[in-house]
Every structure is written in structure tokens, then in C-alpha cells.
Amino acid sequence: MRRNVGVFSHKERQVALIAVLAAAVIALVGTLVQPMLHPSVGPGGVDAYMTAPVPGVLDATPLATG
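Attention in this report is confined to the structure presented alongside it. (Residues numbered from 1 in each chain as written. Predicted model: local features only at pLDDT ≥ 70, side-chain atom pairs only at ≥ 80, totals over all residues. Heavy atoms only, no water.)

### So, the overall build of the chain
Part 1 of the reasoning: Within the chain, the secondary structure is distributed over 2 helices and 0 strands.
Part 2 of the reasoning: Buried residues in the chain amount to 2% of all 66 residues.
Part 3 of the reasoning: When the accessible surface of the chain is totalled, it reaches about 6,600 Å², and 70% of it is carbon and sulfur. (Helix = DSSP H or I, 4+ residues; strand = E, 2+ residues; numbered from the N terminus. Buried < 20%, exposed > 50% of the residue type's maximum accessible area, 1.4 Å probe, protein only. Areas by Shrake-Rupley, 256 points an atom, 1.4 Å probe, with all protein chains shown as cover.)

### Considering a nonpolar patch on the surface
Part 1 of the reasoning: Together, Val25, Leu28, Val29, Leu32, Val33, Met36 and Leu37 line one region of the surface with nonpolar side chains, adding up to about 700 Å² of accessible area.
Part 2 of the reasoning: Checked against the element boundaries, Leu28 lands in helix α1 (residues 10–33). (Patch = residues over 30% accessible without salt bridge, like charges linked within 9 Å, V, L, I, M, F, W, Y side chains within 5 Å. Salt bridge = Lys/Arg side-chain N within 4 Å of Asp/Glu carboxyl O.)

As C-alpha cells, then:
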């Protein structure tokens, strides 16, 4: 008969804590490394979209109110 009334064993809690810490480290490293890499908006970065329109996007027009 089990004496522990908890849902998870000590080993399961330990593995879950290690997984959470590993995920936090991966997210932190990604946050620190991302500025060193090319921007995710394309090879020209945000400046490339300032001069050329985005493909497939039409100019905005106001809705007709009646």
C-alpha cells in the first residue's frame, strides 16, 4: 500500500523540474542569440519593406458608411 498521497513520485517531480529548467535555458539562449542573427522579416530586413509594397497586400480603403 502506498504511503504517499501525492499524484507524482519524487523522481517524476525531479524530471519535470529539469525539463522546465531546460526549456527556460533554451528560451533564454534563443532570446540572446536572435539579435546576432539576420532579422526574420527577410534578407533586407524591415527597411526592404519601406520602399516596396508587400506582395499580395492591397492599399487600405475606408469602409462606406451609409
